[in-house]
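What follows is the residue order along each chain.
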Amino acid sequence: MTTGVTEIDPARFRAVLGHFCTGVTVVTAHDGVEPVGFACQSFAALSLDPPLILFCPSRNSRTWPVVERTGRFVVNVLGEQQREVSAIFGSRGADKFGAVEWTPAPSGAPVLAGALTWMDCTLDAVHEAGDHYVVVGRVTTLGEPTGGRPLLFYRGNYTGTEPLRPEFGDLLTWPGPDDWL
């Protein structure tokens, strides 16, 4: 049995977590003056009833305060051809929306052209968690999925998916509906 607190090196922690592959999203909002957005890997489905998602912005984010103030946002799920979009929204550049096409969701938040799908949300809850916030959003509108492949991030690099080989058949299918969200 281990007792006490072990010091965790932040660089090693990041490297270890980098072995968990994540999808890439862009969270967007519109404050009535201009659109804002940031690339976000820390995104997950949370609940089917009610329909909730979560994402985790940094406490240092310049975009998060605008998203929080508006109380409405869109989570755009990026496709594998959108590496440049992810890079734009992952940077601290001034006019991120000058480089991408978008249309407003019902909330007015930007839906990025080429996204695999999107979720229009209202802010439900915010929890402080270390150097980030855990943000819970209530989904109000769903975009139509496009059927493309997702943009993934793994070990510090973008990657994509490959189709399963046919010899695996149904051995690797998704579990029953009660097993996962």
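For every chain, the first residue of the written sequence is number 1, and numbering continues from 1 onward in sequence order. Only residues with pLDDT of 70 or above have their local features reported here, since the model is predicted, and side-chain atom pairs are shown and tallied only from 80 upward, although totals for entire chains, interfaces and linings are computed over all residues. By convention in this description, side-chain values take in all heavy atoms of the structure and omit both hydrogens and water.

1. Some remarks on the sheet that holds strand S11 (residues 152-154)
For two strands to be treated as a pair, DSSP must find no fewer than two bridges joining them. Strands here mean DSSP runs of E at least two residues long; helices mean DSSP runs of H or I at least four residues long; both are numbered from the N terminus. Pairing in this open sheet of three strands is antiparallel, and the strands run S1-S11-S12 from one edge to the other. Each having just a single partner strand, strand S1 (22-23) and strand S12 (157-159) make up the two edges of the open sheet. Pairing between S1 and S11: two bridges, direction antiparallel. Bridge assignment links Thr-22 to a residue of S11, and that residue is Phe-153.

2. Notes on the layout of surface pockets
One simple way to see leftover space: roll a probe sized like a water molecule over the atoms. Two kinds of site are reported from a 1 Å grid over the protein atoms alone, namely cavities, where a 1.4 Å probe fits but cannot get out, and pockets, open sets with protein on both sides within 12 Å along at least five of seven lines, and residues are called lining when an atom falls within 4 Å of a point. Grid points are joined across faces, edges and corners, and a volume is the space filled by probe spheres set on the points. The space that makes up the largest pocket amounts to roughly 1,700 Å³. What lines the largest pocket is a set of 44 residues, among which Ala-39, Gln-41, Cys-56, Ser-58 and His-132 lie closest to the centre. Only helix H1 (10-17), strand S3 (35-40) and helix H3 (83-90) provide two or more residues apiece to the lining of the largest pocket. The residue inventory of the lining of the largest pocket, partitioned by class, reads 21 nonpolar, 15 polar and eight charged. Residue polarity follows a fixed list, in which Ala, Val, Leu, Ile, Met, Phe, Trp, Tyr, Cys and Pro are nonpolar, Asp, Glu, Lys and Arg are charged, and the others, Gly among them, are polar.

3. Thoughts on the pairing of strand S6 (residues 72-77)
Relative accessibility thresholds used throughout: buried, under 20% of the residue-type maximum; exposed, over 50%; partly exposed, between the two (1.4 Å probe, protein chains only). Summarising burial for S6: five of the six residues are buried, a large majority. Bridge count between strand S2 (residues 25-30) and S6: four bridges; the pairing is antiparallel. Counted as the bridge partner of Thr-28 is Val-74 from S6. Relative to strand S9 (residues 117-129), S6 runs antiparallel, the two being bridged by six bridges. By the bridge assignment, Asn-76 is partnered in S9 with Trp-118.

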